[in-house]
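The lines below spell out each chain.
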Amino acid sequence: MLMCCVLCSCHDKTHKTLKQAEASMPVDKADSILEWPKASTVSYESLIENEMDSVVVLPLQEKSGQMLGQIVQIQHLNDTLVISDNKRVCLYNSEGEYLSSIGAVGHGPNEYLSLGGMYIVEDSIYIKDVGVGRILTYNVDGKLTNTRNFADGAPQEFCILNDGIVLGAYSGYRPNSLFRLVVFDAKMDIMGTSFPYTEPQEYVAGRFIKQQHQDALFAYPLCDTIFKVTATKVTPVICMNLQDNQVVSDFIDETSDMSQEKFIQKLYGTDKLVNEVEVYPYHEGWFLYYQNSKGSYYSFVNSQQRKDYVRSDIEKQKLYYPFSIISLKDNWVYGYIDPSSLSYMDADSRNKWMVYIKDHALRPLSDLDIKNAVPLVVKMHIRQGGSI
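Residues numbered from 1 in each chain as written. Predicted model: local features only at pLDDT ≥ 70, side-chain atom pairs only at ≥ 80, totals over all residues. Heavy atoms only, no water.

## Some details on the overall build of the chain
Put simply, the test is: Helix and strand assignments come from DSSP, with helices taken as H or I runs of at least 4 residues and strands as E runs of at least 2, each series counted from the N terminus. The globule rule used here is 2.2 Å times the number of residues to the 0.38 power, and the radius of gyration it is set against is calculated over C-alpha atoms. Working definition: with a 1.4 Å probe on protein chains only, accessible area under 20% of the residue-type maximum means buried, over 50% means exposed, and in between means partly exposed. In what follows, a contact means two residues having at least one pair of non-hydrogen atoms within 4.5 Å.
Secondary structure assignment for the chain yields six helices and 28 strands. Taken against the 2.2 N^0.38 rule, which gives 21 Å for 388 residues, the C-alpha radius of gyration of the chain at 21 Å falls within 12% of a compact globule. When its C-alpha atoms are laid out on the principal axes, the chain stretches across 60 × 50 × 40 Å. Looking at the chain as a whole, 53% of its 388 residues are labelled buried. By sequence separation, contacts in the chain at least 24 residues apart represent 54% of the contacts at least 6 residues apart.

Following this line, the structure appears as structure tokens:
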């Protein structure tokens, strides 16, 4: 459903302690914007049974000195899985067998001081070294091919477009960081800025969803809009309808003088605001993860309906799925099975999931393997013509 509508506006009042700044890339006005349904169906049914037609658990093969901790990123280089735990980057084949690693933590010429995220474009792996404030470019053989430095520190989130253009998103206002979104050219000179900060608190920078070589989608907390970003333009494209814009605006006004700690407590204490959202396009719509004070949800959305599967219910103190979704490619959803999450489940649910994980593992797994945190990646294929 395409509708003519006013941009799902994000808060535009400037707090008195913030230095005012004018963006060089103000958000374009849109004649029409895709609106997701406001109403949703909330379900405690099985997401896997209703929406997936194939599930595989990959126990990752480990090499001495390259043992992964909690997986935070899974990216794809053709059929190779590129996986990071924010301490190292390792490559695995489609069956979870270890292939190689990219760089290492250290002070050497091929190393990074503190890994803060990665991004893949064609055959290049871009690693953000947040400790130094730079982006390192590696080829698939692990050779460092380029180093680019940020003048005022690395952004919290980044995305690489064509010609080496970098989109950077920052998590909070600072005297030398007045904008949430900054565009850098291949030489790391600033070529555009957008979303000047209007609130003093620091929170999640936002998420980039790579679309084409020349653009990406961008969404950030306390804003209900998804934007398309190019090297020269920011345009609203989707109104998610996950939260009311007036409620967001009122919340920012009410919390503008609060300490960072009280701001976070209030944000996580209201069910009228979404405090985290991650968006993944697939063949028939969108797959989401979002959370509020009532719980967290995995959702399937198209222009006509939204179905929310409850991942966790705060009031019932129940966790229903032991995995965190990390990426989606070719309608395969990839996630990390965190063994510690099983401890939050009741005994019956925990035992059922232990059996399920072992039954769907590509290689034999024991209960001890799972409890000892053998890295486990789950991949689930979204069924065509599912429930929405």
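## A look at the nonpolar core
To keep it simple, the criterion reads: For our purposes a nonpolar core is just a set of buried Ala, Val, Leu, Ile, Met, Phe, Trp, Tyr and Cys residues, chained together by side-chain atoms within 4.5 Å.
Residues Ile 160, Val 166 and Leu 167 are the most contacted members of the largest nonpolar core, which totals 38 residues. The dominant element in this core, judged by the number of residues it contributes, is strand β15 (residues 179-184), at five residues. Those residues within four positions of Ile 160 in sequence are excluded, and the remaining contacts are Tyr 119, Val 121, Tyr 126, Ile 135, Arg 148, Ile 165, Val 166 and Lys 210.

## Here we look at the pairing of strand β13 (residues 157-160)
So the rule is basically this: Two strands pair if DSSP finds at least two bridges between them.
With four bridges joining them, β13 and strand β14 (residues 166-169) adopt antiparallel strand pairing. Pairing of Glu 157 across the sheet is with Ala 169, part of β14. In this antiparallel pair of consecutive strands, β13 and β14, the connection spans five residues, and Asp 163 shows a positive phi of 60°.

## With respect to the pattern of salt bridges
Put simply, the rule reads: In the sections that follow, a salt bridge refers to a side-chain nitrogen of Lys or Arg positioned within 4 Å of a carboxyl oxygen of Asp or Glu.
Going through the model one piece at a time under the given rule, you end up with 11 salt bridges. For the salt bridge of Asp 308 with Arg 306, the shortest nitrogen-to-oxygen distance reads 3.1 Å. Put simply, Asp 367 and Lys 358 hold a salt bridge, and the shortest N to O gap is 2.6 Å. Its relative accessible area of 33% is what places Asp 367 among the partly exposed residues. On the basis of relative accessibility, which here comes to 29%, the residue Lys 358 falls in the partly exposed class.

## What about the sheet that holds strand β4 (residues 52-59)?
Defined as follows: The convention used is that axes are lines fitted to C-alpha atoms, helices contributing only their stretch in contact, and that angles between N-to-C directions extend from 0 to 180 degrees.
Pairing within the open sheet is antiparallel, and its four strands lie in the order β4-β28-β27-β26. Unpaired on one side and paired on the other, β4 and β26 (323-329) mark the two borders of the sheet. The sheet shows a mean angle of 25° between the axes of neighbouring strands, direction not considered. Summarising the sheet, strand β27 (residues 332-337) and strand β28 (residues 376-382) pair through five bridges and their orientation is antiparallel. The residue of β28 that forms the bridge with Trp 332 is His 381.

## Concerning the packing of helix α2 (residues 245-255) against helix α3 (residues 260-267)
Definition in use: Any angle that is under 35 degrees is reported as roughly parallel, and any over 145 degrees as roughly antiparallel; angles of 65 to 115 degrees are reported as roughly perpendicular and all others as oblique. By definition, turning the near helix anticlockwise from the far helix through less than a right angle yields a left-handed crossing, and turning it clockwise yields a right-handed one. Gly counts as polar in this scheme, as do all residues outside two lists: the nonpolar Ala, Val, Leu, Ile, Met, Phe, Trp, Tyr, Cys and Pro, and the charged Asp, Glu, Lys and Arg.
Axis separation between α2 and α3 bottoms out at 11 Å; the angle between their running directions is 150°. It follows that α2 is roughly antiparallel to α3 by the angle criterion. For the pair α2 and α3, the crossing hand works out as right-handed. In this structure, α2 contributes Phe 251, Glu 254 and Thr 255 to the contact, and α3 contributes Phe 263, Lys 266 and Leu 267. Grouping the constituent residues of the contact of α2 with α3 by class yields three nonpolar, one polar and two charged.

## What to know about unusual backbone geometry
In this structure, Asn 78 is a non-glycine residue whose phi angle is positive, near 60°. Assignment of secondary structure puts Asn 78 in the loop between β5 (73-77) and β6 (80-84). Its identity as a non-glycine residue notwithstanding, Asn 241 has a phi of 60°, on the positive side. Tracing the chain through its elements places Asn 241 in the loop between β20 (234-239) and α2.

## Considerations on the sheet that holds strand β8 (residues 98-102)
Within the open sheet, the four strands sit side by side as β5-β6-β7-β8. Their pairing is antiparallel. Whereas interior strands pair on both sides, the edge strands pair on one side only; in this sheet they are β5 and β8. Going across the sheet, the axis of each strand differs from the next one's by a mean of 25°, ignoring polarity. Inspection of the sheet shows strand β7 (residues 89-92) paired to β8 by four bridges, in the antiparallel sense. For Cys 90, the partnering residue across the bridge sits in β8 and is Ser 101.

## Digging into the packing of aromatic side chains
The test is simple: Centre distance within 6.5 Å is the pairing criterion for rings of Phe, Tyr and Trp, where only the six-membered ring of Trp is used; planes under 30 degrees apart are then read as stacked, over 60 as edge-to-face, and the remainder as tilted.
Counted by the stated rule, this structure contains 26 aromatic pairs. With centroids separated by 5.0 Å and ring planes inclined at 25°, the aromatic side chains of Tyr 290 and Tyr 297 adopt a geometry described as stacked. The exposure class of Tyr 290 is buried, given its relative accessible area of 6%. Ring centres of Tyr 298 and Phe 323 lie 5.9 Å apart, and the angle between their planes is 15°; this geometry places the pair in the stacked category. With Tyr 298 in strand β23 (residues 295-301) and Phe 323 in strand β26, this residue pair connects regions lying 25 residues apart in the sequence.

## Describing α2
Note the following rule: In this description, one arc is meant: the one made by directions from the helix axis to the C-beta atoms. The definition of a polar contact used here is a pair of N or O atoms within 3.5 Å, where within protein one atom must be able to donate a hydrogen and the other to accept one, and adjacent residues in sequence count solely through side-chain atom pairs.
Burial in α2 covers these residues: Val 248, Ser 249, Phe 251, Ile 252 and Thr 255. Looking straight down α2, one finds its buried side chains confined to an arc of 160°; they lie on one side. Buried residues along α2 sit in contact with α3. The opening residue of α2 is Asp 244, an N-cap whose side-chain oxygen sits 2.9 Å from the backbone nitrogen of Gln 246.

## Description of the environment of Ile 165
In this fold, Ile 165 is placed in the loop between β13 and β14. For the pair Ile 165 and Gly 131, spaced 34 residues apart in the sequence, the C-alpha separation amounts to 21 Å. Apart from the residues within four sequence positions on either side, Ile 165 is in contact with Cys 159, Ile 160, Val 183, Phe 184, Met 191 and Ala 231.

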